[in-house]
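# Per-entry structural report
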Amino acid sequence: MPSLESSVLALTLAACIATLASPVKADEAVPINSPRVQTIQKAGVFRVGVLANPPWLVENTSGSGEQWSGPGWTLAKEYARLLGVKLQPIAVSHETKVPVLASNQVDMTISPLSVTPERLKVIDFITYSATSLCVFGRADNPKVANAKSIDDFNKEGVIVAYYTGGGEEHWVKTRFPNATLRGVSTAGTAAPVEEIMGKRADITPINRIPWVALNKKVKGLKAVPESNNCQDSKEMGTDVGSAIDKNQPEFLAWLKAVEMRMQPELTAEEIRAIDKM
Amino acid sequence: MDLDFSPLIDSWRFLASGLGLTILLSVAAVVCSFVLGLAVGLGRMYGPGWLRALLVFYIDSMRAIPVFVVLVWIYFAVPIISGRSFDPFWAALIGITIHVAAYVAEVIRAGITSIRRGQIQAGLAIGMSGAQIVRKILLPQATVRMLPAFGSIVSVTIKDTAIAAVIAVPELMRQAETVAGQSYRPIEVFTTVMVIYFLVIFPVTRLIDRFYGRVAFLGRS
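Residues numbered from 1 in each chain as written. Chains lettered and ligands numbered in written order. Predicted model: local features only at pLDDT ≥ 70, side-chain atom pairs only at ≥ 80, totals over all residues.

### As for the overall build of chain A
Rules: Strands are runs of DSSP state E lasting at least two residues, helices are runs of H or I lasting at least four, and both sets are numbered from the N terminus onward. We call two residues in contact when their backbone-placed C-beta atoms lie within 7 Å.
When its secondary structure is counted, chain A shows ten helices and eleven strands. Long-range contacts, defined as pairs at least 24 residues apart, comprise 70% of the intrachain contacts of chain A with a sequence gap of at least 6.

And the structure:
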């Protein structure tokens, strides 16, 4: 008859083997004391504001298949899974993607947002990526063709277009004080391409990541800084992520903890999405 | 010029769903605004003094405020005031309805007042009530006279639905912005959308004009 000691030892060994053999997902404990979490679980849905912004949030426009994809969507699905609720995408626009948080029409905006000082005053971020800016213009424009650095555009006679209310607005105003600035309303693209193609502006800023896709799809453009197709740009390095309304500390801490665990997966997905662009 | 319409072909179902919602929102807004506009117009003409003052204020306010502002206000203010979430489609329908109804009310008022006073007196002389005079004498004639103005209001209403993109109603304009944003082909996308809007609105306004041409004689008095 086996001794008690050897039985305990055998059981302990078996438990260790079982633990090592099957990977355990370390789910973060849901903060049940958070009013937002209580509301979400009571409603049974996690409402997320969605607006396509590749590569972080991509909308499937083919008419079949899953409607949303990208790191922002993957992270949102994980939040919904952990909360035990359904994920409900709610369409937002560039004008409404931040105000919908304060008006409680969504629990979180997963339309990718750049962290800016103005936005930090009203919302809290859960960042999962980082990017920087390039500027681009028509390659046949002498001001662009002859430019060696972004500083070359900070002079009279250069027209810089930008989206009003966008993350680049503050940067444009401080980076090009000597140029003529032309604020335009967004038309859904990552940059006001039509201002450049229509020759109403010489350059416009663009996030370095969508520049990769734009450069492939629209010929005759040139970006500055040129090295590595602008991917080495250090201009206005910003973090990018999802956002929630202010004053939700427990909810924010939990969201960030989950994001940290998911970071490798999100980064890999972003790289795959950029390759497909 | 390097044009590429393939993103539109790849996304035709996505854009078609947007067009469907544009048509739905347009039809609903036209019907609702005409019903509300009729009530407001008649209330302004025949209602008690306090009601007339209120309706005049409503009409003048809606004519003084851009529909964009009305839409955004309804989308944000109503949830904050009521505490209840609001689907963008209903916010757009309500916003466009209350905005357009003000114009409809004024068109109705102008149509009714264009009928010669002698017709009202004739109705009274044969013992008709006020409501009967409005229903059987004034409105039938006035409706014919109002047709050209109504045609303009219908086309403006359909075009106003494009503004609903700002509050993320997934109608044609909004879907087009998504396709343009992901394909970097704004010229091709918005040219196509322009043509689609023309193909929707032009026949509607032509139809109303042709119908008016056939029934115009009924509006003479």
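### Some points on the overall build of chain B
Here is the rule: Burial is judged by counting the other C-beta atoms within 10 Å of a residue's own C-beta: 20 or more makes it buried, 12 or fewer makes it exposed, and any count in between marks it as partly exposed, with every C-beta position built from the backbone.
Within chain B, the regular secondary structure consists of nine helices and zero strands. Walking chain B from its N terminus toward its C terminus, one meets helices and strands in the order α-α-α-α-α-α-α-α-α. Seen along its three principal axes, the alpha-carbon backbone of chain B occupies a region of about 70 × 45 × 25 Å. When burial is assessed residue by residue, chain B has 36% of its 221 residues classed as buried. Summarising the internal contacts of chain B: among those between residues at least 6 apart in sequence, 79% fall at separations of at least 24.

### Digging into the interface of chain A and chain B
Contact with chain A, which involves 26 residues of that partner, is made by 25 residues of chain B. The set of elements that each furnish at least two residues to the side of chain A that touches chain B consists of α8 (193-197) and α9 (208-217) of chain A. Here the side of chain A that touches chain B takes three residues from α9(A), the largest share from any one element.

### Notes on unusual backbone geometry
Residue and element names in this part refer to chain A. The omega torsion of the bond from Pro54 to Pro55 falls at 5 degrees, within 30 degrees of zero and hence cis. Cis geometry marks the peptide bond from Val224 to Pro225, where omega comes out at 0 degrees. Relative to the helices and strands, Pro225 resides in the loop between β10 (221-224) and β11 (235-245). Although it is not a glycine, Asn104 adopts a positive phi angle of roughly 60 degrees.

### Regarding the pairing of strand β7 (residues 159-163) of chain A
Residues and elements named next belong to chain A. Defined as follows: By this definition, two strands are paired if DSSP reports at least two bridges between them.
The element β7 is extensively covered by neighbouring structure, given that five of its five residues are classed as buried. With burial as the criterion, each face of β7 is covered, one bearing Ile159, Ala161 and Tyr163 and the other bearing Val160 and Tyr162. Where β7 meets strand β8 (residues 180-184), five bridges bridge the pair, whose relative direction is parallel. Opposite Tyr163, over in β8, you have Val184 as the bridge partner.

### Some points on the domain arrangement of chain A
Residue and element names in this part refer to chain A. The test is simple: An automatic or database domain assignment supplies the start and end points of every domain. When residues are sorted by character, Ala, Val, Leu, Ile, Met, Phe, Trp, Tyr, Cys and Pro go into the nonpolar class, Asp, Glu, Lys and Arg into the charged class, and all the rest, Gly among them, into the polar class.
Entries for chain A in the domain assignment read domain 1 (29-130 + 238-276) and domain 2 (132-237). The partner domain 2 presents ten residues to the nine residues of domain 1 that form the contact. Of the residues in the side of domain 1 that touches domain 2, the class split is four nonpolar, four polar and one charged.

### Quick notes on helix α8 (residues 172-183) of chain B
Condition: Expected helix span is computed as 1.5 Å times (number of residues minus one).
When the terminal C-alpha atoms of α8(B) are compared, their 16 Å separation across twelve residues agrees well with the 16 Å that a helix rising 1.5 Å per residue should span. Every buried residue of α8(B) is listed here: B:Leu172, B:Met173, B:Arg174, B:Gln175, B:Ala176, B:Glu177, B:Thr178, B:Val179, B:Ala180, B:Gly181, B:Gln182 and B:Ser183. Elements in contact with the buried residues of α8(B): β2 (58-59) and α9 of chain A together with α1 (6-10), α2 (12-46) and α9 (186-215) of chain B. Looking one or two residues past α8(B), B:Tyr184 carries a phi angle of roughly 55 degrees, positive in sign.

### What to know about the confidence of the model for chain A
For clarity, the threshold we go by: pLDDT measures the predictor's confidence residue by residue and takes values from 0 up to 100.
Predicted confidence across chain A gives a mean pLDDT of 88, with 90% of residues reaching 70 or more. The low-confidence segment residues 15-24 of chain A (pLDDT under 50) makes zero contacts with residues lying over four places distant or belonging to another chain.

### Describing the nonpolar core
Residues and elements named next belong to chain B. Inclusion rule: Nonpolar cores are identified as sets of buried Ala, Val, Leu, Ile, Met, Phe, Trp, Tyr and Cys residues joined via C-beta atoms within 7 Å.
Counting residues in each nonpolar core, the largest one holds 84 residues, and the members touching the most others are Leu71, Ala92, Val104, Ala164, Ile167, Val169 and Ala176. For this core, the element with the most residues is helix α5 (residues 88-113), which contributes 14 residues. For Val169, the residues in contact, after removing those within four places along its chain, are Leu21, Leu25, Pro88, Phe89, Ala92, Ala164 and Arg174.

### Notes on the packing of α5(B) against helix α7 (residues 130-160) of chain B
Residues and elements named next belong to chain B. Threshold: Fitting a line to C-alpha atoms yields each axis, with helices limited to the stretch in contact; the angle taken between N-to-C directions then spans 0 to 180 degrees. Our angle categories are set so that under 35 degrees counts as roughly parallel, over 145 as roughly antiparallel, 65 to 115 as roughly perpendicular, and the remainder as oblique. For any pair of crossing helices, the crossing counts as left-handed if the nearer helix is rotated counterclockwise from the farther one by less than a right angle, and right-handed if it is rotated clockwise.
Running from amino to carboxyl end, α5 crosses α7 at an angle of 150 degrees, the nearest separation of the two axes being 9 Å. Considering the angle they form, α5 stands roughly antiparallel to α7. Both α5 and α7 take part in a crossing whose hand is right-handed. Facing Ile96, Val100, Tyr103, Val104, Val107, Ile108, Gly111 and Ile112 of α5, the residues of α7 in contact are Leu138, Ala142, Arg145, Met146, Ala149, Phe150, Ile153, Thr157 and Asp160.

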